Amino acid sequence: MNEEHTFRVDLKATPVDLGGQTFTIKELTGAQRDEYLNKNLGRMRLDPITGEAKGFKDYKGLHTDLLCMCMYDAEGKVVSKKNLEQLPAATVGGLFKLANDLNALEETEEETGND
C-alpha cells in the first residue's frame, strides 16, 4: 500500500536571548547542511585500516562554523565568527546544541553510519 507523506517546506527558527539582545537560530537548507557536513569531514580522524571515523583531529571552529551559518541578529544579518568566539564557551556550547538539534544533524550522522 502506498502511503502519502507530507513534508514541510518552511525553515524552522527559534529566538535566543543573549544578554538582552534577541537573535534567531534558523534551520539550514539542505545545501547548507551538506556544506557544513562536508567541512567537518576534513576534521575527522579516520582509522587507517577501516576508514571509519574515530573522532575529530581538529576542533577549531566546530561550534562557530555551524552558528555562522544559521544564527542571525535582529537585523537579519548572520552573526560573525569573531563575535561568536568572544562569547563564553558554555554559551557557545548551548547555542551549538540548539542549532544542532534544530538542524537534525545527529540524525544525519546516524543515517550515514558516521557515529
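Not measured: the values here are computed from a predicted model. (Residues numbered from 1 in each chain as written. Predicted model: local features only at pLDDT ≥ 70, side-chain atom pairs only at ≥ 80, totals over all residues. Heavy atoms only, no water.)

Any chance you could explain the nonpolar core here in plain terms?
Across soluble globular proteins, you tend to see nonpolar side chains buried next to one another. Membership of the largest hydrophobic core comes to 21 residues, with the highest contact counts inside it found for Ile25, Tyr36, Leu66, Leu67, Met71 and Leu95. Elements represented by at least two residues in this core include exactly β1 (13-18), β2 (21-26), α2 (62-70) and α4 (89-102). With residues near it in sequence (within four places) discarded, Leu66 still touches Leu28, Tyr36, Phe96, Ala99, Asn100 and Leu105. (Core = buried A, V, L, I, M, F, W, Y, C linked by side-chain atoms within 4.5 Å. Buried < 20%, exposed > 50% of the residue type's maximum accessible area, 1.4 Å probe, protein only. Helix = DSSP H or I, 4+ residues; strand = E, 2+ residues; numbered from the N terminus. Contact = heavy atoms within 4.5 Å.)

Sorry if this is basic, but what is going on with the confidence of the model for the chain here?
Any residue range with low pLDDT should be treated as having predicted coordinates unsuitable for detailed reading. For the chain, per-residue confidence averages 87 on the pLDDT scale, and 90% of positions sit at 70 or higher. Predicted confidence is poor over residues 109-115, with pLDDT under 50, and the contacts of this stretch with residues over four places away or in other chains come to 3 contacts. (pLDDT = per-residue confidence, 0-100.)

I tried to follow the sheet that holds strand β5 (residues 71-72) on my own but got confused; where do I start?
Neighbouring strands of a sheet are bound in pairs by backbone hydrogen bonds; such pairs are parallel or else antiparallel. The sheet built from 3 strands is open, its strands ordered β1-β2-β5 with antiparallel pairing. In the strand order of this sheet, the two ends are held by β1 and β5, each with one partner. Pairing analysis gives 6 bridges linking β1 to β2, with the strands arranged antiparallel. In the sheet register, Asp17 faces β2, and the bridge partner there is Thr22. This element, α4, spans β1, β2 and β5 of the sheet and lies at about 175 degrees to β1. (Pairing = 2+ DSSP bridges. Axes fitted to C-alpha atoms, helices over the stretch in contact; angles between N-to-C directions.)

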